[in-house]
Amino acid sequence: MMRLAAHHVLALESSIVKATSHNGFITKSLNCLSAAFTTGVNATVPGKLHICVVGSGPAGFYTVDRLLKRYGDAVHISVLDRLPTPFGLVRSGVAPDHQDTKNVINQFGSVAADPRVSFHGNVLVGRDVDVSELRALHHAVVLAYGAESDRRLGIPGEEPSVGSTDGGGGGGGGGVFSAREFVWWYNGHPDAAHLPIDLSKVRSVAICGIGNVALDCARALLAPPARFVPTDMAAHALAQLAGRGGPGFGGGGAAGSSVREVHLVARRGPVQAACTPKELKELLTECGVSARTAAPDQLVVSEADAAEMKATRLKRRVHELVTRAVADAAEAAGAGGAAKGAEEEAARRDLFFQFYRNPVEIRREGPDGAVTGLRVERTVVRPDGPGGASVAVGSGEYDTIECQLVLKSIGYKSLPLQGVAFDSRRGVVVHREGRVLKQASPADTLNSGAAAAANGGGAAPATDLGLYVVGWLKRGPTGIIGTNLVDADETAASLVADTDALVRAAEMTHGSAGPPGLGGLSALLRQRGVRVVDWRRWRMLDEQEVAAGRAMGRVREKVTEVREMLRRAGFEMQ
């Protein structure tokens, strides 16, 4: 069994000096690290393959699970997350009224509690530790930090004008947010808890896109607030939807939401809608909405679309759900329109399907540049794309959708890390079968042998041994939570296949002892004063959130401030 001896410390110091000389890692720091190792205050796991996984969302935990199954007791895995809380998009991305989907955290929690795994929350790679340092401390590093940015519309009005104070009905955010930001806001993500959103001043919302995330946003805005009271929706969001005097609150305080209509804006038609039938049916049948279109031609499909529907059951089902819901709402309005009372009419929530409409400008004609509408161009869908794919072509006719808030649901985007090959166009790390490549080119973003084929049959760019990628950062923001399981299988298989090469490479740097892994990482973070939230500390926070929620008849009451998270996790905060 390997032991962390004096020569091992020297090897570690040498490797970190090489990896971090660019940011001035000084001798004093190295001496502190050396002291930490030689005084026995370390948690080094001897005789193991040491792996670090950056990101504790589904992709990260599925990868950890697969590596544990393949290596057995011959591995130790450190899992890092920039937040004090684990589970990534399961906590901050899955809709609050989809608690069944969130139950996967029970499986992930079992993985994290395994003695072969160490969780390090509140550790930001690039601030607290660099990728190069993680690589010097482990045999392998797996990047699984997901997608925390967004694709842009690239149209006038997307950004607030200089001096604007509008924020979606008040505030400083410009009345335009990504769907990711809005989802983070109602899910209590610390980065979005203070978004300047005031739904009491918003009557109409335009959502650009019609995928499942867009439907989640529409459901949060239109469904009765009572639907979310038992869930883990953030208290500040529930207060805005229901008002402080609404269900789940004691009375008095903030006004409730004034949202009465949501417009789902899509460049193409219902056949090309990216949402799934299950989520669409949920919105149309469980949330008390009236489905509408702004014009009859928005449900018309071409002969090519009709053929596509005939061949694809899911597309046919989406079209059927939309057309039936619109027809049912029109029939109900015709049968009892005049008889409806003012109270019933005021309580109505309308969902407009704005198919064949391409956003071209966000109108800011209110006080201080407040959003007043979304200008759209009518489109025609033609098979002009590669391989006859359907594309939206502008018609030169324009409409304006009145709204006070615009949400952009056109795709998430990952962010690069220094020293890691990245395709900025697609927003993914450049890889081959989960192995990160040393250099980036358009061909390299393809998987497996495609890179070699694109190079004229020559050798594909070399992989960067010891560095791997998984999840949205690897394939782009596609699929469901379970898709990450297949993705993790591939990346884990590539890492396992590289085991001998990883061990040899580590021995060249560290000698037969190999890299220090957990012990080295813990000492480095301790030396830098990082408040690391380990699994025990997370469980302290978790238990307090659950207890507070139960006292209010809810799943949990989320803490949305990092400082408060750390305090509840047992740290003394000044």
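Not measured: the values here are computed from a predicted model.

In terms of residue burial, strand S7 (residues 204-208) counts as a mostly covered element, since five of its five residues are buried. Because side chains alternate across S7, one face comprises the buried residues Ser204, Ala206 and Cys208, and the other comprises Val205 and Ile207, equally buried. When S7 meets strand S14 (residues 405-408), the two strands line up parallel, connected through four bridges. Paired with Ile207 across the two strands is Leu407, which belongs to S14.

This part takes up unusual backbone geometry. At Tyr356, a position not held by glycine, the phi torsion is positive, near 60°. Residue placement: Tyr356 occurs in the loop between strand S10 (349-354) and strand S11 (357-363). The backbone of Glu433 sits at a positive phi, close to 55°, despite the residue not being glycine. Tracing the chain through its elements places Glu433 in the loop between strand S18 (431-432) and strand S19 (435-437).

Read from one edge of the open sheet, seven strands run S3-S2-S1-S4-S20-S19-S18, paired in mixed fashion. Both edges of this open sheet fall to strand S3 (117-120) and S18, since each of them pairs with a single strand only. The pairing of S18 with S19 spans two bridges and is antiparallel. Looking at the pairing, Arg432 lines up with Arg435 of S19. Its contacts with the sheet put helix H3 (residues 58-71) on strand S1 (49-54), strand S2 (75-80), S3 and strand S4 (140-143), and the angle it makes with S2 is roughly 175°.

Turning our attention to helix H8 (residues 179-187). Within H8, eight of the nine residues are buried, which leaves the element mostly enclosed by the surrounding structure. For H8, the complete set of buried residues consists of Ala179, Arg180, Phe182, Val183, Trp184, Trp185, Tyr186 and Asn187. In the segment just after H8, Gly188 is the residue with positive phi, at about 80°.

Right, let's get into the UniProt feature "binding site: FAD" (unreviewed entry) in the protein. Under the UniProt annotation, the feature "binding site: FAD" (unreviewed entry) is placed at Ala59, Leu89, Val125, Trp472, Gly479, Ile480 and Ile481. The residue Leu89 is located in helix H4 (residues 89-92) in this model. Looking at the secondary structure, you find Ile481 in the loop between helix H16 (472-475) and helix H17 (483-497). Among the residues examined, Ile481 registers a relative accessible area of 15% and is labelled buried. Dropping the residues within four chain positions of it, Ile481 is found in contact with Pro58, Tyr62, Leu89, Val90, Val94 and Thr101.

Below, the discussion takes up the nonpolar core. Counting residues in each nonpolar core, the largest one holds 54 residues, and the members touching the most others are Leu351 and Phe353. Discounting chain neighbours no more than four positions away, the residues touching Phe353 are Ile210, Leu264, Leu280, Leu284, Ala291, Arg292, Thr293, Gln298, Val322 and Val326. Tyr71, Val90, Val94 and Phe571 belong to the second-largest nonpolar core, a separate cluster that totals 41 residues.

Turning to the environment of Leu241, a few remarks are in order. Turning to its location among the elements, Leu241 is positioned in helix H10 (residues 235-242). Each C-alpha atom, one on Leu241 and one on Leu222, is 9.1 Å from the other, the two residues being 19 residues apart in sequence. Excluding anything up to four places from it in sequence, Leu241 contacts Leu199, Ala220, Pro225, Met233, Gly256 and Ser257.

Turning to the pattern of salt bridges, a few remarks are in order. Taken as a whole, this structure holds 43 salt bridges when the rule is applied. In this structure, the salt-bridge partner of Glu557 is Arg554, at a minimum N-O distance of 2.9 Å. Connected via shared salt-bridge partners are Arg91, Arg539, Asp542, Glu543, Glu545 and Arg556.

Another aspect to go through is helix H6 (residues 104-112). For H6, the full list of buried residues reads Val104, Phe108, Gly109, Val111 and Ala112. One side of H6 carries all its buried residues, which in axial view fall inside an arc of 160°. Exposed residues pointing more than 90 degrees away from the buried face of H6 are listed as Asn106 and Ser110. Buried positions along H6 lie against H3, H4, helix H5 (99-102), S3 and helix H20 (535-551).

Right, let's get into the environment of Ala242. Tracing the backbone through its elements, the reader meets Ala242 in helix H10. Expressed as a C-alpha distance, the spacing of Ala242 and Ser258, which sit 16 residues apart in the sequence, is 9.9 Å.

Let us look at the environment of Gly369. Looking at where Gly369 falls in the secondary structure, it is placed in the loop between S11 and strand S12 (373-382). Taking relative accessible area as the criterion, Gly369 reaches 14% and is therefore assigned buried. Between the alpha carbons of Gly369 and Gly174 there is a distance of 7.7 Å; along the sequence they are 195 residues apart.

The subject of this paragraph is the sheet that holds strand S9 (residues 289-292). The strand order across the open sheet built from six strands is S6-S14-S7-S8-S10-S9, with neighbouring strands paired in parallel fashion. Only two strands of the sheet have a single partner each, and these edge strands are strand S6 (176-178) and S9. This sheet shows a mean twist of 20° between the axes of neighbouring strands, independent of strand direction. Bridge count for S7 against strand S8 (residues 261-265) is five bridges, and the pairing is parallel. Along S8, the bridge assignment pairs Ser204 with Glu261. Across the sheet, helix H9 (residues 212-222) is in contact with S7, S8, S9, S10 and S14; its angle to S8 comes to roughly 170°.

Scoring rules and cut-offs
- Residues numbered from 1 in each chain as written.
- Predicted model: local features only at pLDDT ≥ 70, side-chain atom pairs only at ≥ 80, totals over all residues.
- Heavy atoms only, no water.
- Buried < 20%, exposed > 50% of the residue type's maximum accessible area, 1.4 Å probe, protein only.
- Helix = DSSP H or I, 4+ residues; strand = E, 2+ residues; numbered from the N terminus.
- Pairing = 2+ DSSP bridges.
- Contact = heavy atoms within 4.5 Å.
- Axes fitted to C-alpha atoms, helices over the stretch in contact; angles between N-to-C directions.
- UniProt positions renumbered as here; feature names shortened; annotations may be inferred.
- Core = buried A, V, L, I, M, F, W, Y, C linked by side-chain atoms within 4.5 Å.
- Salt bridge = Lys/Arg side-chain N within 4 Å of Asp/Glu carboxyl O.
- Arc of directions from axis to C-beta.

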